[in-house]
Each structure stands twice: as structure tokens, then as C-alpha cells.
Amino acid sequence: MTKIEVRVIDCHVVYLGGDEPSFLMLKRSPNKLYGGTWQCITGKIELNETPIQTAVRELNEETGLLPKNKWTIDQVNHFYEAKEDRMNLIPVFGIEVDKIKVDLSSEHCDYKWCKIDEAMQLFTWTQQRNGLRSFYQMINSKSEKLNLSKI
């Protein structure tokens, strides 16, 4: 029977210091799984770690950045791994940072801060585009949803 697991997270990183939000995009190193693709912060949930703890840890490990604000995004990404017969459910988070200097880990070979349109074009995975779109709408609307989703 197909396994259903919550084992990884997606996390969109935003810098709000300019005239419009800038989103951090990371390019996977060529020698890594999905090498050459652009992505948000991703990572595996460790034993006894909550998904938001994973997002904060991965943010720091992959970029050297620390969160200023954290939110849950009202969607759960998903994908099926045929080789493992596993359905993955992926909690999605948004994190605001107050610095733009990134110290990349070996997992990534490049990064860039992008406006929403460029970031959306760089993503390979539809689910990550959908998560970013939801996060962008939350930030731009400044609705009660932003306050209700804050961690």
C-alpha cells in the first residue's frame, strides 16, 4: 500500500526592504539531486523536529540567514515518488529576513533575489509556484490572514 508521509518542507524567503517584495531563489548544485533547478528552501524533517523548526534550520544551513518573521502558508504541497511508492505531503512556510547577503552551502551553486514574476518563471515545480503565489498574496493584501498565519 502507498505510504503517505510528511518528511520534507518548502519555505519561501522574502526580503521586504525594497519598494516591492524580493524572493530568494536558490540554484541546486549540479552534483545534487535535481541539479541545476531553481528552488526555495527545502529540507528533510529530522527526528523530533517540527516542520517549522526544519524550515528555520534549513534556512540557516543553506543561506546563513535567520528569520525575522515566520508564517504558515495555507497550502500543503504534494508529490508522488513512484520508486518509493510514497505520497509526500509538504508543509509550506514563508519567512521574512532582514539581510540579503547569503552564504550558500554546498547544496546550492547560485542564488538571486527576484521579484515575483521572475521567481515564478524560475521554478521547475508547479507546487512551489503555487506556494510562492499564496505567500505573495498574503504579503501584498496585508489582510488578517497574515496575522492569523504568523508563527
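Let us look at the structure shown here. All values reported here derive from a predicted model rather than from experimental measurement.

Let us look at the side chain of E62. By the secondary structure assignment, E62 is in helix α1 (residues 51-63). An unpaired buried charge is present at E62: no salt bridge exists, and R28, the closest side chain of opposite charge, is 5.8 Å distant. Those residues in contact with E62 that lie beyond four places of it in its chain are L26, I41, T42, D103, L104, S105, E107 and H108.

Next up on the list: the side chain of E81. Residue placement: E81 occurs in strand β6 (residues 69-81). The class of E81 is buried, set by a relative accessible area of 19%. Ignoring anything within four residues of it in the chain, the contact list for E81 reads R7, R86 and N88.

Counted by the stated rule, this structure contains four aromatic pairs. Ring centres 6.1 Å apart and planes at 65° place the aromatic pair F23 and Y136 in the edge-to-face group. Placement of F23 in strand β3 (residues 22-28) and of Y136 in helix α3 (residues 126-141) is noted, with a sequence separation of 113 residues between them. By relative accessible area, Y136 is classed as partly exposed at 22%. Taking the centre distance of 5.7 Å and the plane angle of 50° together, the rings of W71 and F135 count as tilted. Taken together, the residues span a long stretch of sequence, with W71 in strand β6 and F135 in helix α3 at a distance of 64 residues.

Take the environment of L65 next. In this structure, L65 sits in the loop between α1 and β6. Note on L65: relative accessible area 4%, which makes it buried. Among all residues touching L65, those that are not within four sequence positions of it are L24, L59, N60, V97, K99, K101, V102 and W113.

Under the counting rule described, the total for this entry stands at 12 salt bridges. With a shortest N-O distance of 2.8 Å, D103 and K101 are connected by a salt bridge. We classify D103 as partly exposed; its relative accessible area is 45%. For the salt bridge of E118 with K112, the shortest nitrogen-to-oxygen distance reads 3.1 Å. Look at E118 and you get partly exposed, because its relative accessible area is 34%. Overall, the relative accessible area of 28% leaves K112 in the partly exposed class. Ionic contacts of the salt-bridge type, sharing partners, join the residues E46, E49, R57, E58 and E61 into one network.

Rules behind the numbers
Residues numbered from 1 in each chain as written. Predicted model: local features only at pLDDT ≥ 70, side-chain atom pairs only at ≥ 80, totals over all residues. Heavy atoms only, no water. Helix = DSSP H or I, 4+ residues; strand = E, 2+ residues; numbered from the N terminus. Buried < 20%, exposed > 50% of the residue type's maximum accessible area, 1.4 Å probe, protein only. Lys, Arg positive; Asp, Glu negative; His and termini not counted. Salt bridge = Lys/Arg side-chain N within 4 Å of Asp/Glu carboxyl O. Contact = heavy atoms within 4.5 Å. Phe/Tyr/Trp six-rings, centres within 6.5 Å; stacked < 30°, edge-to-face > 60°.

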